[in-house]
Amino acid sequence: MSDTLTDQFKAGFRRYPTGVAVVAASTETGPVGATVSSVASVSANPPMLSFSVSRSGRSGPALTGSDRIAVHVLTESQAHVAAAFADRTAPRFTVAQRWALPQGEPPVLDGAAASFYGRVARVVPAGEAWLVLLEVDTIELGESSEPLLHHDRRYWSLGPAVSPLPLGRILPEKAS
């Protein structure tokens, strides 16, 4: 293993399991999208989320330049979609992947666990990436299903729950 701080940083985050999403937008030249594992809730009021995209890729500049974006949270059955959007040469936005492309709106992925639609509030340069803040105005919840996870350069499905009860029933209540 390399000793550089950059290599260690990347290796450390490969050990951090995350959910997987595809961020998508419509542009004048057609739909654009990217697989991301950096989606995070920022604010519930107003609803806002963040994600990051590479500044050096083809999708990043198109996404950050879009007015309206969709963030589709993937299920374990959509690993093929995540893989396609992580590969620069793979077909994207196909019927087999269950995409709909409404005119002038972000692409819609049928079967996503959740889809967040909104307007870009801010784009912040952050090293070799852009951090995007999205003000969410529409949310579509899909059927309850197992999530798609990313860990150590591979996609995973969720195993059995390690806690039999929701965390709110396990953790002690805060003193009032």
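Just above sits the structure.
Conventions we followed
- Residues numbered from 1 in each chain as written.
- Predicted model: local features only at pLDDT ≥ 70, side-chain atom pairs only at ≥ 80, totals over all residues.
- Heavy atoms only, no water.
- Helix = DSSP H or I, 4+ residues; strand = E, 2+ residues; numbered from the N terminus.
- Contact = heavy atoms within 4.5 Å.
- Phe/Tyr/Trp six-rings, centres within 6.5 Å; stacked < 30°, edge-to-face > 60°.
- Buried < 20%, exposed > 50% of the residue type's maximum accessible area, 1.4 Å probe, protein only.
- Salt bridge = Lys/Arg side-chain N within 4 Å of Asp/Glu carboxyl O.
- Pairing = 2+ DSSP bridges.
- 1 Å grid on protein atoms, 1.4 Å probe; cavity = no way out; pocket = protein on both sides within 12 Å on 5 of 7 lines; lining within 4 Å.
- Points joined across faces, edges and corners; volume = space filled by probe spheres on them.
- Nonpolar A, V, L, I, M, F, W, Y, C, P; charged D, E, K, R; others polar.

Some remarks on the environment of Val 23
Inspection of the secondary structure assignment puts Val 23 in strand β2 (residues 21-27). Distance in space between the C-alpha atoms of Val 23 and Pro 106 is 9.3 Å, their sequence separation being 83 residues. Val 23 has contacts with Val 32, Gly 33, Ala 34, Val 36, Phe 51, Leu 63, Ile 69, Ala 70 and Val 71, leaving out every residue within four places of it along the chain.

Structural notes on the packing of aromatic side chains
Inspection of the entire model under this criterion finds five aromatic pairs. Ring centres of Phe 9 and Phe 13 lie 5.1 Å apart, and the angle between their planes is 45 degrees; on these two criteria the pair is classed as tilted. Residue Phe 9 and its partner Phe 13 are located together in helix α1 (residues 5-14), separated by four residues, close to a single helical turn. Given a relative accessible area of 55%, Phe 9 falls into the exposed group. With relative accessibility at 51%, the residue Phe 13 sits in the exposed group. Members of the aromatic cluster, each reached through a chain of ring pairs, are Phe 9, Phe 13 and Tyr 16.

Here's the deal with the pattern of salt bridges
A complete count under the given rule lists four salt bridges for this structure. Across the salt bridge formed by Glu 105 and Arg 68, the nearest N and O atoms sit 3.2 Å from each other. Here Glu 105, found in the loop between β7 (99-100) and β8 (108-109), pairs with Arg 68, found in strand β6 (residues 68-73); they are 37 residues apart in sequence, far enough to count as distant. What makes Arg 68 buried here is its relative accessible area of 17%. Connected through shared salt-bridge partners, Arg 68, Glu 105 and Asp 137 make up one network.

Some remarks on the pairing of strand β5 (residues 47-54)
As a general feature of sheets, a regular strand has side chains that alternate between the two faces. Pairing of strand β4 (residues 40-44) with β5 involves four bridges; the strand directions are antiparallel. In the sheet register, Ala 44 faces β5, and the bridge partner there is Pro 47. Between β4 and β5, which pair antiparallel and follow one another directly, the connecting turn spans two residues. Pairing between β5 and strand β10 (residues 129-141): seven bridges, direction antiparallel. Bridge pairing in β10 links Phe 51 to Val 132.

Some remarks on the layout of surface pockets
What the largest pocket holds in volume is close to 1,500 Å³. For the largest pocket, the lining is made up of 35 residues, of which Thr 35, Ser 37, Ser 38, Ser 52 and Ser 54 are closest to its centre. If you list the elements that add at least two residues to the lining of the largest pocket, you get α1, β3 (30-36), β5, α2 (59-64), α3 (79-86) and β11 (148-151). The element contributing the most residues to the lining of the largest pocket is α1, with six residues. Here the residues of the lining of the largest pocket sort into 13 nonpolar, 14 polar and eight charged.

Re unusual backbone geometry
Cis rather than trans, the peptide bond between Asn 45 and Pro 46 has omega equal to 0 degrees. As for its placement among the helices and strands, Pro 46 is situated in the loop between β4 and β5. Of note, the phi angle at Phe 93 is positive, near 60 degrees, even though the residue is not glycine. Along the chain, Phe 93 falls in the loop between α3 and β7. Exposure remark for Phe 93: the relative accessible area of 12% places this residue in the buried category. Despite not being glycine, Arg 98 has its phi angle at roughly 75 degrees, a positive value. On the secondary structure map, Arg 98 appears in the loop between α3 and β7.

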